[in-house]
Structure formats: structure tokens, C-alpha cells
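Architecture at a glance
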Amino acid sequence: MKRFTLSSPAVRWQYFVVGLLLAVGMGMQRSPIPAQTPGRKIEVLFLGHVSRHHPSDSAAAFLVPALANEGINFSYTTDPNDLNAANLAKYDAVLLYANHDSITPSQERALIEFVESGKGFVPIHSASHSFRNSARLIALMGGQFDRHGTGMFTAATVQPNHEVMQGLTPFETWDETYVHKNHNPENRTVLQERVEGDRREPWTWVRTQGRGRVFYTAYGHDSRTWKQPAFHALVRNGILWSVGEQVRQQWSQLRLPTLTYRESSRIPNYERRNPPLKLQDPLSPAASMQHIQVPPGFELQLFAAEPDIVKPIALAWDERGRLWVAETVDYPNDIHPGQPGRDRIKILEDTNRDGRADKFTVFAEGLNIPTSFTFSNDGVIVAQQPDLLFLKDTNGDDKADVRQTLVTGFGIRDTHAGPSNLRYGFDNRIWGAVGYSGYAGLVNGDSLRFAQALWSMRPDGTQMQHEANFSNNTWGLGFSETFDIFGNTANNVHAVYVGIPQRYLRGVKGLPVRAGAEKIDGHYLMSPITPNVRQVDVFGGFTAAAGFNLYTARAYPREYWNRIAFVNEPTGRLTHRAILEPQGAGFVEKDGWNMLASVDEWVGPVDAQVGPDGQVWVADWYNFIIQHNPTPPGFENGAGNAYENPLRDKQHGRIYRVVYKGSTPSAPLSLSKTRPAELVRALENDNLFWRLTAQRLLVERAQRDVTTQLIALVRNRRVDDMGMNPGALHAVWTLDGLGLLDGTNRQATAAVVEALRHPAAGVRKAALQVLPPSAATLQQTQAAGLLEDPNPHTRLAAVLMLSQVPQSEPVGALLYRLGKAA
């Protein structure tokens, strides 16, 4: 980039603007409702840390799948703040494997009270060097790490008759040879010793405190120990002993459905396992649900399953709150553009309010691999490469009788790399993602071409534009409640933040291809609870990341609100929780473990979204073969560029709701363009689904009879305890969508100019995004102090607006000053 000076007119304006933006922007038979099984699973909180020394995420990756099929659930965290009474009440035991140097008094009190109330504590290895500022926790653990060497050894069992030691096999491992200090022999029984010459070092012990129990072992430096089945058995027995007799008795009555396997030559052996994995038989929905883990405090509810639905690839809800589902049995290789297919869009309704769909209406059939859809102008826009179709019912029978092509040009060389994740955006445009099949077409007579990316267009298919470049096969797009833009790609990039859309960077030479979009994922590993994961690449990590939908309602606990996104990983049989934390004008992602994970090797979450009820709904592809390509040895590709395999199932599919037990059931809501006052009120709903739906309907009405009410919402300066005012924010975007900010309505424009000073940062940001980039807007922005706004994301929006203002010497001087300060 050339050096910018005010006296060098040859310097391109965009070079400096883009440099500033980049500096500021990134810091069969219907299944019955499952019967209650006797007994219950054990819930364990696994407290680890973020470190490559004693890597707790890797340790969990060995231990969790080894014990999951026995009914022992783990929830993983690296945050000691999770040691609080409300959170600990969900668990039967805490397993600690970390090096947390200190602990706060409240965390100390919560953990000790948890144990003394009758719960279990399982500190492992480096745990005995944690919390060194707490003599009470050192005493609780029974001893403290002092020093160590290393070596191969087998601990000697000194209490073979203790129940923890029953059925265990001695094992040899390489590990750190811990020596302990500050021993607390009170109520302690040593079970194993490490023998070194004349020294017999206590190695594994148990102790009691209050009504609770503590199990400790010094084993566990790295994978050489953590991968051993004999070590898993030792920890398993320690957990079972620690939780106490009553919980153990309840657990012993648990009867999980049996997983049955058979040999098959059609299972790709990507990892060259010896022996190769076997083929698991499919389970009924009721049986499969018992092998699915959700976080404590939540429950899994079945909404629909085969034969009523099969192969659900995408979910969406209409303004009446009805679930619509895209089914595709043609996926992945039965592709024939322009010819009828076997795929459908169905409307699912629960007419008797029992939580299960009981009415199924085929809205459209004859489709061929529809990968996504969204509602628009009384119909739906459907992604079906190479086209975006518009389907509409004109006679009220819930069956499409209009079918037209809005856009064409999406590549067809790979069916899992086409368009996906269609969304109605805050800006009243249709947004979507596309993988490496890409797009090449004409927009307004000009050629538009891009590969893996995010894009947007007007709802009528015009003014399509490229929004962000991604790194590989893109299948994720999501919005925060203040219109921050996120996404992901399948391979090794499960979280991306789009701080600067491409329109601000267009025409500037020399920028990286993915400028403006930043990989923010904070960890590599996904966290399956089955050891039988088949992956062709990114082993252990995200290789099929699909979807990136934030939790944008209020039925779940507060820590989810506008903060946790759901990323599906069907090869791992899970839906991941991605925790988003602001960092400057960008974000970072942290590992939030799983929202849903299964031991059943057919479970394949492909879409997870917040529904009209505020709960998270999950589309389960339910298929043993998930991987699309590359093609394994011995297989051939089909027309969709996926390897042909008769094990690709065409008969199953489930839809679940992950329901928070502490939530209040939401009252049914139905919106209509014929009730505009109700639509305006819905702009303040606590669920983003209803807010965006109301905004869309108001804009589609294209009537200005609600202007006064919208202005009143914009001028409402109330801020909730999240620092937000959703009603004002959506009213701003609705005024823009109705064309009321083009200078023809002074009151509307004045209200949005006033919103530049709104106490809610998101409203200030929205006002910046809708006002025209003019000298007047710049003056108003400066007067409101938004170029120095305390909220970095609002400040970024101000700079983005400034970059679009016509060139002038004063604006150049302002940019130069901001650039020096960035």
C-alpha cells in the first residue's frame, strides 16, 4: 500500500480507506413418544483449561467417548466461574484436570459446599497443583503436587478389595512421576502407590468429606495414559464411587438400547483402522434419543420422524409459526438440472398442541436437491443449484402453484458446495452462502463471479452482490441481534466474523482474497461422544461444519443470549456451542462443548435454529454415511461429485427440539399483513424470529400507514439489561425498507438522525447503516461522536459509512487522523 499524504492526489482514495477499515475492523411406522427408561445417567462437569501442557481438551476427547455409552455424561468447560452453586446443582460430580493457579472465595465455597452436600469430586493429575491459594481445597483433594520426574511404571494396588479397584487391570504407562506434599490423611484411603526404590508414593486415593466423596489419581500427564482403556476404567470406577450410593443405584438401573453392528465392505476406512469399523444398525427415534446427550437442565423432544419426513436438510418457519422442511432423497448424486426430482418442501403442524407434528402438507414436489429456503413476498425462495426458485401458493391450499426462476448461475459440479443458508437480513435483503461450486452469472447486465462466499440480493432477485470471501466449502451464515455477520466453512474453519463486507473493499487492488472476513475459531477439536468417527481430513476437528445460528431468544438461560451460536458437525454426530466474545471491533470464539451429541452413529445434525418458541430445533439427517468427498479408494463419484455408496440412506430423518426445562412455554403467535399494528408490536418481541418476521411483513406490505408508530419506536430510548432496544433497532430498518429515509419523509429521517445518539449501541449502529453516506450524515455522525463511540462495533460502522462519503480534503484529513490513531 502506498504512503498517503494529503498532497498526493494520485493516491487512490480506496487504498487509504481500506487500510483504515482493516485496522479498525478486526481486532416406515410413525414412532411413538419415547417411554421413560428406568434409572438415569450420571452428569459430570469436566473443568479443564486452555493450555498445551496437560491439554484437557485432548484428555476429554479420549475419556468422554469411552464412557458415554455407559450412561456417564460430561459437560466440558475451561471457566472456573462455572463453579457456582446454581450451575453445580445440575451435576453429580466435578472432574478437574487443569492448572488453574488460584480460585476465588465464592468459587471455593461453591465447590466445597457441593462436595459436602453429598456430591463427587474427581481431581486428576495436575489438579493437585491447582488452586494453590486455597488450603481448604488442597485438604479436600487429600494432597498437593510437589515435584516430578518422568518414566515408565505401573502403580501397585494396595487396596485390591476396595470397590474402586474392582475389575481393574494394572497397566504400564509413561507418565510424570508425581511426588506430593501437604498430605491430608483424614478420612483418606490410599488405593495405589508408585514404587520407586524404597519410596512408596501415594498415587491413587479416595477420601470423604461431609456427605461427599473425593477420588484422586496422579496418573494423566498426556495421551500415553489418557488413551488407555485401563485408565478409563479406573476413572470410571472413581466417578461411580464418588457420586454416592443413591445415584449409583439409579444409574445401575439404566437400560440403554443396545447398539448392534455388522461387517460391511462399503464403509470407507479413511483412517486405515485395523480392524476397520463395523456398520451400526439404525435405531428407532425412541431408542436413538436415549443415546443423545444434551446439557443438564435441557431435554430432547421429538417433533417429527420417518416416515412422515425423510432426509430433512433445512428448516424454516412461516409467520403463523408453522415449521416448513426441505427434504432431499436425491442428495447427493441424483442431480438433473431442469428435470423434476424426488424432493419436496413440507409444512408440518402440531394441531393438538402435544408437541408432535400431526399434519403434513406437501407444499412443493418435483424438486431436485433443494438445500435451503426462506420466506419472501407470500412465497418461498428456494436454493436449488443452479437456480434460486420462487414458489408461491395463490389459492390458499398450501400447495405451490407458481414456480419461477429468480436467479441462475450457481455451479452444479458438487451438490454439497452449492447455495445454502438463505436468510432474510436486517437490511431487507436475502442473504445466502455458497461453497466452492460458486456463482457465475449476470447481474444488471454485468458479470458477477465468486466462489466460496456469502452473498445477498433484493427479494425479487435483483441487485445480487458478493458480501464476503471464505476459505473453502461454505455452509454457514448467521446474524447476531445487532446484525453482526458470521459464518463458517466445512473444513477447519468453524467460525468466521465478517467485519467488512466486500462492497467496502471492491475495486481495491492488492488486498488478500478474504479481506474483511476473519477466522475467529478458538479451538481445533470438536467433541464427539462416540469413538467411531469417520473423517477423511481435519482428523478430530471440524470437517463438515454446517450452519452458524446464534441463540437470539430468551427462553434459554442468559449465558446463551446473543452469545452462543450452534454449529452442526454431522461427521462428529453433534451440534457444537460456539461462544462468541467481543474483541475490539471483532469477536473471538471459545469452545462451548456440545448442545447435542450422540453415541448413535447415524445421528447427523445438519441444521439447528431458534424456533418461534425460543427453543432450538435440530434437523437430524440420520444417515450412517455423511462424508461427501474426497472419494475413498474403491469407490467412484456420482454426478453430484460424491462417492457412490449403497449405504447412503434414503428412508430416515428426525426433527428434535432441545427444550430448556426452566423455560415458560411460549404463547402461540401468528402474524398477518392484515394486522399492521400487531406487526409493529412484534418488533419488540423477545425472539428475533418474530422481530425479523414482523419487519419483513411490514416492508412487504409497502404501506406507510405505520410510519408514526415506527418513529415512536425509534425514539424510545429504553435500554434493556443487555444494553439493547430491539424495537428501536428493527423500526430503523423497517423505515429504511419502506423507503422513508430517501429524503421524502422529514420526520422519519429526523428520528433516525436522533438515533445516532441512542443509548443502545446497536441502534446507533443501525442508524449509521441506513442513513445515506453524505456530507450531512458525516456532520451528524461527528456531532454525535460516533467516530469515537465507546462501542467498537458502532465505531467500525461509522468508519464504514465514512468510507462511502464522496472524496474531499476535509474527509481525507479526518481519515488520516483516524488512521494515525488506529
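Residues numbered from 1 in each chain as written. Predicted model: local features only at pLDDT ≥ 70, side-chain atom pairs only at ≥ 80, totals over all residues. Heavy atoms only, no water.

For the rest of this paragraph, the subject is the pattern of salt bridges. Following the criterion strictly, the structure yields 46 salt bridges and no others. Here Glu481 ties to Arg554 by a salt bridge, and the two come within 2.9 Å at their closest N and O atoms. Placement of the pair is Glu481 in the loop between strand S29 (474–479) and strand S30 (485–489) and Arg554 in the loop between strand S33 (546–550) and strand S34 (564–569), with a sequence separation of 73 residues. A cluster of three or more residues bridged by salt bridges with shared partners is formed by Asp318, Arg322, Glu349, Lys359 and Asp398. (Salt bridge = Lys/Arg side-chain N within 4 Å of Asp/Glu carboxyl O. Helix = DSSP H or I, 4+ residues; strand = E, 2+ residues; numbered from the N terminus.)

Attention now moves to the pairing of strand S37 (residues 605–610). Counted residue by residue, S37 has six buried out of six residues, so it is predominantly covered. In the sheet, S37 pairs with strand S38 (residues 616–620) via five bridges, with the strands oriented antiparallel. Along S38, the bridge assignment pairs Gln609 with Trp617. The antiparallel hairpin formed by S37 and S38 contains five residues in its connecting segment, where Gly614 sits at a positive phi of about 85°. (Buried < 20%, exposed > 50% of the residue type's maximum accessible area, 1.4 Å probe, protein only. Pairing = 2+ DSSP bridges.)

Attention now moves to the pairing of strand S21 (residues 387–392). Burial analysis of S21 places five of its six residues in the buried class, which makes it a mostly covered element. Where strand S20 (residues 379–384) and S21 come together, six bridges link them in antiparallel fashion. What sits directly across from Ala383, in S21, is Leu388. Here S20 hands over to S21 after two residues, the two strands then running antiparallel side by side. Two strands pair when backbone bridges link them, and S21 and strand S22 (residues 402–408) are joined in this way by six bridges, in the antiparallel orientation.

Turning to the packing of aromatic side chains, a few remarks are in order. Inspection of every chain in the model, using the stated rule, returns 43 aromatic pairs. Centre to centre, the rings of Phe373 and Phe375 are 6.3 Å apart; their planes meet at 75°, and the pair counts as edge-to-face. Considering the side-chain rings of Phe479 and Phe483, the 5.2 Å spacing of their centres and the 75° angle between planes classify their relative orientation as edge-to-face. An aromatic cluster is present here, built from Tyr97, Phe153, Phe171, Trp203, Tyr219, Trp226 and Phe231 joined pairwise through their rings. Between the NZ or CZ atom of Arg224 and the centre of the ring of Trp174, over which it lies, the distance is 3.7 Å. If you follow Arg654 out to its NZ or CZ, it ends over the ring of Tyr622, 3.7 Å from the centre. (Phe/Tyr/Trp six-rings, centres within 6.5 Å; stacked < 30°, edge-to-face > 60°. Lys NZ or Arg CZ within 6 Å of the ring centre and 35° of its normal.)

This brings us to the sheet that holds strand S24 (residues 430–434). The antiparallel open sheet is built from four strands, whose spatial order is S23-S24-S27-S28. In this open sheet, the two strands that pair with only one neighbour each are strand S23 (419–424) and strand S28 (465–469). Neighbour-to-neighbour, the strand axes of this sheet turn through a mean angle of 25°, independent of strand direction. In the sheet, S23 pairs with S24 via four bridges, with the strands oriented antiparallel. From the neighbouring strand, Arg423 faces S24, where its bridge partner is Trp431. (Axes fitted to C-alpha atoms, helices over the stretch in contact; angles between N-to-C directions.)

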